[in-house]
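# A closer look at the structure
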Amino acid sequence: MVSKRKRRRKLKKKIKYFLISLPIIIGVGVVLVYGFRIKSVGYVADKNQFTAIEVEQYVKNQKIENSLWFWFCSMIGNKKEFPMLENYSVTLNSPFKVTIHGEEKKLRSCVMFAENYFYLDESGVVLKQEPCAYVETKKHKKKILDNSMGILDYTGLEIKDATLYKKLNTKSKEGLEAVTRMTTAFDTMEIALEKAREQKLSFKELKVQEVAISNEYDITVHMKGGLKLALGKDNQLQEKMEDFVDIYVSSNEQLTKYKGTLQMQWISEDKNYTFIKDEVKKEEKKKKNDKKTE
């Protein structure tokens, strides 16, 4: 009898403690769930290619709502994927504000579609969207693109659809492959230029204006100043860009002083490529002659 009474007393005590602690547990749960709600997102990045508004919008779209849980997951390495970031950390500023410190993926290429610029990473995933900017000229409006960050403008690509954080949807897979392979080829060009600098060779920076892709997926690189590289289909692009750097450096920059096309559709073992000068239009000739007579 005594042992049964003791058991009942212990059971009553446990029930009593549970009933007392239950509101506290519920209260703490409510605070954790509803007391830590993200209302503001700060953003600090290394490359500054994306804005705090873009990052905050992605947080909302992904329904990341609990600031404490978001911070805790980042601390233990169980991070939510951010397509525009290589890596990130989270600072819990208050129950209602977090700051994301991001290492951004580099934007590598840009295409125009439906009056918008879409910026892609090296694999062809759309990471940023901006409306087209225009500048007024005497004859017409001209689209302008800020490529100060080394983002290359691709034209002629047949695009079906462009959606943020998805691969660019082109009419044929060859189109997107041409873009991604040229990205690798330009990396090769930069490495070759860096090697030339290490040899203490001095030369002006090469600036690419745009990369044109034809309906047959022939690639033409337009350099600033009027030089064009006709690379043909996307085969041996890296080797071709290495050859171009060698020709450019060995010519003491003379090559880029002419307007014309370097025919590089097929790789040349001895780096012997044909250069065809552009024909000067009659109007341009007349202007030059007028300047000479003045």
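A brief report on the enclosed structure follows.

The rules behind each value
- Residues numbered from 1 in each chain as written.
- Predicted model: local features only at pLDDT ≥ 70, side-chain atom pairs only at ≥ 80, totals over all residues.
- Heavy atoms only, no water.
- Pairing = 2+ DSSP bridges.
- Helix = DSSP H or I, 4+ residues; strand = E, 2+ residues; numbered from the N terminus.
- Core = buried A, V, L, I, M, F, W, Y, C linked by side-chain atoms within 4.5 Å.
- Buried < 20%, exposed > 50% of the residue type's maximum accessible area, 1.4 Å probe, protein only.
- Contact = heavy atoms within 4.5 Å.
- Axes fitted to C-alpha atoms, helices over the stretch in contact; angles between N-to-C directions.
- Salt bridge = Lys/Arg side-chain N within 4 Å of Asp/Glu carboxyl O.
- Lys, Arg positive; Asp, Glu negative; His and termini not counted.

## Considering the pairing of strand E3 (residues 97-104)
Across six bridges, strand E1 (residues 40-45) lies against E3 in parallel orientation. Looking at E3, one finds that Gly 42 is bridged to Thr 99. Note: strand E2 (residues 85-94) against E3, eight bridges, orientation antiparallel. In the sheet register, Leu 85 faces E3, and the bridge partner there is Glu 104. Linking two consecutive strands that pair antiparallel, namely E2 and E3, is a turn of two residues.

## A few points about the nonpolar core
Counting 42 residues, the largest nonpolar core has Met 182, Phe 186, Leu 229 and Phe 244 as the members making the most contacts within it. Sorting the residues of this core by element identifies strand E5 (116-120), strand E9 (152-155), helix H4 (173-198), strand E12 (208-213), strand E13 (219-223), strand E14 (227-232) and helix H5 (237-250) as the ones contributing at least two each. Leave out the neighbours within four places in its chain, and Met 182 touches Tyr 154, Val 211, Ile 219, Val 221, Leu 231 and Leu 237.

## Re the sheet that holds E1
Two strands in a sheet stick together by hydrogen bonds in their backbones, pointing the same way (parallel) or opposite ways (antiparallel). Taking strand neighbours across the sheet as the criterion, the three strands line up as E1-E3-E2 in an open arrangement whose pairing is mixed. Bordering the open sheet on either side are E1 and E2, each of which pairs with just one other strand. In this sheet, adjacent strand axes meet at a mean angle of 25° when their direction is disregarded. Each of E1 and E3 touches helix H2 (residues 52-61); the most contacted strand, E1, lies at about 130° to it. Packed on one face of the sheet, helix H3 (residues 67-76) meets E2 and E3 and runs near 135° to E2.

## Quick look at the pattern of salt bridges
Any two side chains of opposite charge can pair, on the condition that their charged atoms come close. Counting across every chain of the model gives ten salt bridges. With a shortest N-O distance of 3.0 Å, Glu 54 and Lys 128 are connected by a salt bridge. Taken together, the residues span a long stretch of sequence, with Glu 54 in helix H2 and Lys 128 in strand E6 (residues 126-131) at a distance of 74 residues. Residue Glu 54 shares its accessibility class with Lys 128, and that shared class is buried. A salt bridge links Lys 271 to Asp 246; the shortest N-O distance between them is 2.4 Å. Taken together, the residues Lys 271 in the loop between strand E15 (260-263) and strand E16 (274-277) and Asp 246 in helix H5 connect sequence positions 25 residues apart. By relative accessible area, which is 37% here, Lys 271 ends up partly exposed. Taking the relative accessible area as the measure of exposure, Asp 246 reaches 35% and is therefore partly exposed. Through salt bridges with shared partners, a single network forms among Glu 54, Lys 128 and Glu 130.

## Digging into the side chain of Glu 104
Relative to the elements of secondary structure, Glu 104 occurs in strand E3. For the buried Glu 104, no salt bridge exists, and the shortest N-O distance to an oppositely charged side chain is 6.2 Å, to Lys 47.

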